[in-house]
Amino acid sequence: MAINQQAFQAIKQQLGKASLVAVSKTKPASDISDLYALGQRHFGENYVQELVEKQAALPADIHWHFIGHLQSNKVKYIAPFVTLIHGVDSEKLLMEIQKQGAKLNKKIAVLLQVHIAQEETKFGFDGVELGDLFKKSLVTLYPNISVVGFMGMASFTENKEQISLEFAGLQQLFYQYHTQFSVHGTVFDEPQLSMGMSGDYEIATRYGATLVRIGSLLFGARNYNK
Ligand SMILES: *Cc1c(COP(=O)(O)O)cnc(C)c1O
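Residues numbered from 1 in each chain as written. Predicted model: local features only at pLDDT ≥ 70, side-chain atom pairs only at ≥ 80, totals over all residues. Heavy atoms only, no water.

### A closer look at the side chain of N144
Within the secondary structure, N144 sits in the loop between α7 (138-141) and β6 (145-152). From its side chain, N144 meets the backbone oxygen of K106 in a polar contact 3.0 Å long. (Helix = DSSP H or I, 4+ residues; strand = E, 2+ residues; numbered from the N terminus. Polar contact = N/O pair within 3.5 Å; in protein donor to acceptor, adjacent residues only side chain to side chain.)

Given below as structure tokens:
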């Protein structure tokens, strides 16, 4: 078995109330099946084509999370089945998700990606953009989208204090926004905060993560940096 069963059990013990999204990008469907056999149902993928192929080949009761940077023109391929889109980082993307949700006559659940890292390269809304977005009525503009929460990625650093500060900041924003803007049945209904990966999930859970996205600890290192 290529998956790390011990790590899986240990992580589940540590998570407490948070849920595990097993990040299977670049890994074969057989690895997903192995973890599925141990009871895991939530999996995360970064690439649309790869996700579509795996979804078609694997059991229908898997909940698929799209965690990568999503291009607007690809929303249509995952809209029919995706459980949660984690990285929504522009109004353009929201508009396209709205369009696809309306076509399918369903509500698509999304997390807004918030930029918390020091690196410029990571995607996401900053505090000002988030404020501007919530000044509008999301329910009116995007009736086929449920904004259920936020997603963030900490700086790529060994500095645990830096990571803690970033997660604490996101927790605070999350708390502030869901207190102020929650709308029953849609905006922040059952609010989710997605943060923490293999290297920093323990810190993330201390700052209220409800979803952690873990790949390499479960499936081993990826061959190329995707
Ligand atoms: C790849 C990836 C993960 C998982 O990373 P690991 O360090 O392997 O746990 C989590 N979130 C996002 C957005 C990713 O792209």
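Now that the structure has been shown, we can carry on.
### Structural notes on the nonpolar core
As a rule of thumb, nonpolar side chains are buried together in soluble globular proteins. In terms of nonpolar packing, the biggest core is built from 61 residues, with L112 and F150 touching the most fellow members. Sort the elements by how many residues they give to this core and helix α8 (residues 160-181) lands first, with six residues. Among the nonpolar cores identified, the runner-up in size contains seven residues, and L84, A109, V148 and M151 belong to it. (Core = buried A, V, L, I, M, F, W, Y, C linked by side-chain atoms within 4.5 Å. Buried < 20%, exposed > 50% of the residue type's maximum accessible area, 1.4 Å probe, protein only.)

### As for the site of the ligand
Around the ligand, the surrounding shell holds 13 residues, and the nearest of these are K25, S198, G215, S216 and R222. In this structure, an oxygen atom belonging to the ligand sits 2.8 Å away from a side-chain N or O atom of R222. Burial of the ligand by the protein amounts to 90% of the accessible area it has alone, namely 390 Å². Broken down by class, the residue content of the shell around the ligand amounts to six nonpolar, four polar and three charged. (Near = heavy atom within 4 Å. Areas by Shrake-Rupley, 256 points an atom, 1.4 Å probe, with all protein chains shown as cover. Nonpolar A, V, L, I, M, F, W, Y, C, P; charged D, E, K, R; others polar.)

### Some words on the pattern of salt bridges
It is possible for side chains of opposite charge to pair when their charged atoms get near one another. Applying the stated criterion to the full structure yields six salt bridges. Between D61 and R41 there is a salt bridge, and its shortest N-O distance comes to 3.4 Å. Of this pair, D61 sits in the loop between α3 (48-57) and β3 (63-66) while R41 sits in the loop between α2 (29-37) and β2 (42-45), placing them 20 residues apart in sequence. Between E96 and K99 there is a salt bridge whose closest N-O contact spans 3.9 Å. (Salt bridge = Lys/Arg side-chain N within 4 Å of Asp/Glu carboxyl O.)

### A short note on the pairing of strand β5 (residues 108-114)
Taking burial as the measure, the seven residues of β5 include seven buried ones, the bulk of the element. Every second residue of β5 is oriented toward a common face, with I108, V110, L112 and V114 on one face and A109, L111 and Q113 on the other, all of them buried. Sheet topology places strand β4 (residues 84-88) next to β5; two bridges connect them, and they run parallel. If you follow V88 over to β5, its bridge partner there is L112. Handedness of the crossover joining β4 and β5 through helix α5 (residues 91-104) is recorded here as right-handed. One ladder, built from seven bridges, connects β5 with β6; its direction is parallel. Across the sheet, the residue bridging to I108 is I145, located in β6. (Pairing = 2+ DSSP bridges. Right-handed = clockwise from strand over helix to strand, strands pointing away.)

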